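In case you want the letters, here they are:
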Amino acid sequence: MSDVVAGIREAILSGEFVPNQRLIEADLSERFAASRAGVRAALVELANEGLIERVQNRGARVRAVSLEEAVEISEVRMVIEGLCAAKAAERAAPADVASLQEIGEAMRTAVSSGDVLGYSRLNERLHSRVREISGQATASQVLERLRAQNVRHQFRLAMHPGRPQVSLPQHLDIIDAVAARDPAAAEEAARAHLRSVIETLREIAP
């Protein structure tokens, strides 16, 4: 069942399955070579994660997250990402710092060359690396769920004109604070970045 859960989750995260799309058990069973019972159990698990919703007599569909909920999710992320950044600053070994700085340089290059999708992938890699360095497994699991729920809004945010130029210095501030082993500065840098995300989400609301 875990393979089916991971497969459906990845299809939602990648944008292959879009908000409000119906998820047909027979189709999923064929795609993932799983029994109908296994697919049904996977859908229950994903409903508990908030990624899909089950509609009476109509099966399951990918849950659409409203702007208001996207802002709430980002507010929760702000607190947890701040915690992870602070922990990363406490725990970072020289090799960890080097890996963050390498990502930072790649982000600079992506922005200067106008590679928006490349920058977006590096953005996700940086957040993921900070979580790894923090050693906060529980926080990482929570953030992964929140990111999956918010994937559509994150994509719109990434495509917003001028957004990489705004967020690049914010990300570099996080890297610098972790490199300086300054937990308070790292937490504040992460929170400042998420505050900016929330402001921009409200700006681009349809």
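Structure: see above.
Caption draft 1: Summary view of the pairing of strand β3 (residues 59-62). Bridging between strand β1 (residues 22-23) and β3 involves 2 bridges; their strand directions are antiparallel. When the bridges of β3 are listed, Arg-22 appears paired with Arg-61. In textbook terms, the turn of a hairpin is the stretch between consecutive antiparallel strands, and for strand β2 (residues 52-55) and β3 this stretch comprises 3 residues, one of which, Asn-57, has a positive phi near 65°.

Caption draft 2: Local environment of helix α1 (residues 2-13). The terminal C-alpha atoms of α1 lie 16 Å apart, and with 12 residues this matches the ideal 16 Å at 1.5 Å per residue to within 8%. At the exit of α1 stands Gly-15, carrying a positive phi of roughly 90°.

Caption draft 3: Representation of the packing of helix α5 (residues 94-112) against helix α9 (residues 163-179) within the structure. Where α5 contacts α9, the axes come no closer than 10 Å and their chain directions differ by 165°. The orientation of α5 relative to α9 falls into the category roughly antiparallel. You can see that α5 and α9 cross each other, and the crossing is left-handed. In contact with Val-97, Leu-100, Gln-101, Gly-104, Met-107, Arg-108 and Val-111 of α5, α9 contributes Pro-164, Gln-165, Leu-168, His-171, Leu-172, Ile-175, Val-178 and Ala-179. Residue composition of the contact of α5 with α9, grouped by class: 10 nonpolar, 4 polar and 1 charged.

Caption draft 4: Here's a closer look at unusual backbone geometry. Although it is not a glycine, Asn-20 sits at a positive phi angle of roughly 75°. Structurally, Asn-20 is set in the loop between α1 and β1. At Ala-33, a residue that is not glycine, the phi angle is positive and equals roughly 50°. Relative to the helices and strands, Ala-33 is located in the loop between α2 (25-31) and α3 (36-49). Relative accessible area serves as the criterion here: at 74%, Ala-33 is assigned to the exposed category.

Caption draft 5: Highlighting the sheet that holds β2. An order of β1-β3-β2 is seen for the 3 strands of this open sheet, with the pairing classed as antiparallel. If you trace the sheet from one side to the other, it starts and ends with β1 and β2, each paired once. Sheet strands touched by α3: β1, β2 and β3. Its angle to β2, the strand with the most contacts, is close to 115°.

Caption draft 6: Region of the structure containing the nonpolar core. Formed by 24 residues in total, the largest nonpolar core has its most connected members in Leu-100, Met-107, Leu-126, Val-130 and Val-178. Counting only elements with at least two residues in this core, the list comes to α4 (67-91), α5, α6 (116-134), α9 and α10 (183-203). Ignoring any residue separated from it by four or fewer positions in sequence, one finds Val-178 in contact with Ala-85, Ala-88, Ala-89, Ala-92, Val-97, Leu-100 and Ala-186. Ile-12, Leu-46, Ala-60 and Val-151 belong to the second largest nonpolar core, which has 20 residues in total.

Caption draft 7: Expanded view of the pattern of salt bridges. Applying the stated rule across the entire model yields 16 salt bridges. A salt bridge links Arg-36 to Glu-25; the shortest N-O distance between them is 3.6 Å. Of this pair, Arg-36 sits in helix α3 while Glu-25 sits in helix α2, and the two are 11 residues apart along the sequence. With relative accessibility at 17%, the residue Glu-25 sits in the buried group. Close ionic contact of Glu-132 with Arg-129 constitutes a salt bridge, the shortest N to O distance being 3.0 Å. In this pair, Glu-132 and Arg-129 are both assigned in helix α6, 3 residues apart and thus about one turn of the helix distant. Judged by relative accessible area, Glu-132 falls into the exposed class, the value being 52%. One network of salt bridges, in which partners are shared, links Glu-124, Arg-131, Glu-144 and Arg-147.

Cut-off values and rules
- Residues numbered from 1 in each chain as written.
- Predicted model: local features only at pLDDT ≥ 70, side-chain atom pairs only at ≥ 80, totals over all residues.
- Heavy atoms only, no water.
- Pairing = 2+ DSSP bridges.
- Helix = DSSP H or I, 4+ residues; strand = E, 2+ residues; numbered from the N terminus.
- Expected span 1.5 Å × (residues − 1).
- Axes fitted to C-alpha atoms, helices over the stretch in contact; angles between N-to-C directions.
- Parallel < 35°, antiparallel > 145°, perpendicular 65-115°, else oblique.
- Left-handed = near helix turned anticlockwise from the far one by under 90°.
- Contact = heavy atoms within 4.5 Å.
- Nonpolar A, V, L, I, M, F, W, Y, C, P; charged D, E, K, R; others polar.
- Buried < 20%, exposed > 50% of the residue type's maximum accessible area, 1.4 Å probe, protein only.
- Core = buried A, V, L, I, M, F, W, Y, C linked by side-chain atoms within 4.5 Å.
- Salt bridge = Lys/Arg side-chain N within 4 Å of Asp/Glu carboxyl O.

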